[in-house]
Amino acid sequence: MLTVGILVSLLVLPLFGFLVYFPCLNGKPIFDDQDVLRAQKDFRWKFSWIMSQPRPLTLMSYGVTQRWPGTLRSVHVGNVVLHIGCGLVVERIALAIGADAGIACLAALLYVVHPFAVNTVGYMSGRASLVSSLFGLSGVLAILAGWPVLVVPALMLSILGKEDGAGYAVVYLALMF
């Protein structure tokens, strides 16, 4: 059910997320971003090829954003969208632990606009951390919402996004026991 708080979050988080990260949308490749461009160029929608690559879920997300031809903006927009998605999950986690809607929205907004994430969101290669975080945080939400059966798929997807997603297993165990 859509409440006023959810509608505000669905409007406020994307607005502030894109405002804060707008300068990144036209960014040039730096550091590890060359690997991302190579991965996009070589990408093939073939299961055996995808699963033979490191970070297959992240690689598939690059394959999706590859469909916006002739610009690097698609990768940057994809990163901002994933980061906003993480912010929405943070909001749901705050609600699940008993925060009121305003505090939960504020927590999500702080997550989205805080400068700690600028490297992850601004660099094309930061996508792996965003994918891993989205699914890792979703597993935390699953536990808090009383859906522990979703924890294993969330953990697996987090690890397929980036190997450090395995660290969420410790968080899940701490929350469950």
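The text that follows walks through the structure, step by step, so that each part is easy to find. (Residues numbered from 1 in each chain as written. Predicted model: local features only at pLDDT ≥ 70, side-chain atom pairs only at ≥ 80, totals over all residues. Heavy atoms only, no water.)

**Side note on the overall build of the protein chain**
The helix and strand tally for the protein chain stands at 10 helices and 0 strands. When the helices and strands of the protein chain are placed in sequence order, the string is α-α-α-α-α-α-α-α-α-α. Taking 2.2 N^0.38 as the reference for a compact globule, 177 residues should give roughly 16 Å; the C-alpha atoms of the protein chain span a radius of gyration of 17 Å, in line with that estimate. On the principal axes, the C-alpha backbone points of the protein chain span a range of 45 × 35 × 30 Å. Long-range contacts, defined here as pairs at least 24 residues apart, represent 71% of the contacts in the protein chain between residues at least 6 apart. Each charge class in the protein chain was averaged separately, 11 positive and 8 negative side chains, and the resulting centres sit 10 Å apart. (Helix = DSSP H or I, 4+ residues; strand = E, 2+ residues; numbered from the N terminus. Rg over C-alpha atoms; globule rule 2.2 N^0.38 Å. Contact = heavy atoms within 4.5 Å. Lys, Arg positive; Asp, Glu negative; His and termini not counted. Charge placed at Lys NZ, Arg CZ, Asp CG, Glu CD.)

**Concerning the nonpolar core**
Ranked by size, the top nonpolar core spans 32 residues in total, and within it L137 and Y172 carry the most contacts. Breaking this core down by element, the ones donating at least two residues are α1 (4-21), α5 (73-96), α6 (101-113), α8 (127-144), α9 (151-161) and α10 (168-176). Discounting residues that sit within four places of it in the chain, Y172 has contacts with F135, G136, G139, V140, I143, V151, A154 and L155. Ranked by size, the runner-up nonpolar core spans 5 residues in total, among them A39, F43, W49 and L59. (Core = buried A, V, L, I, M, F, W, Y, C linked by side-chain atoms within 4.5 Å. Buried < 20%, exposed > 50% of the residue type's maximum accessible area, 1.4 Å probe, protein only.)

**Regarding the environment of L155**
Considering the arrangement of structural elements, one finds L155 in helix α9. Note on L155: relative accessible area 17%, which makes it buried. Through-space distance from the C-alpha of L155 to that of S132 is 8.7 Å; in sequence the pair is 23 residues apart. In contact with L155, not counting residues within four places along its chain, are G165, A166, Y168, A169 and Y172.

**A short note on a nonpolar patch on the surface**
Together, V171, L173, L175, M176 and F177 make up an exposed nonpolar region whose accessible area comes to about 520 Å². Following the sequence through the fold, L175 ends up in helix α10. In this structure L175 comes out as partly exposed when scored by relative accessible area, which is 38%. (Patch = residues over 30% accessible without salt bridge, like charges linked within 9 Å, V, L, I, M, F, W, Y side chains within 5 Å. Areas by Shrake-Rupley, 256 points an atom, 1.4 Å probe, with all protein chains shown as cover. Salt bridge = Lys/Arg side-chain N within 4 Å of Asp/Glu carboxyl O.)

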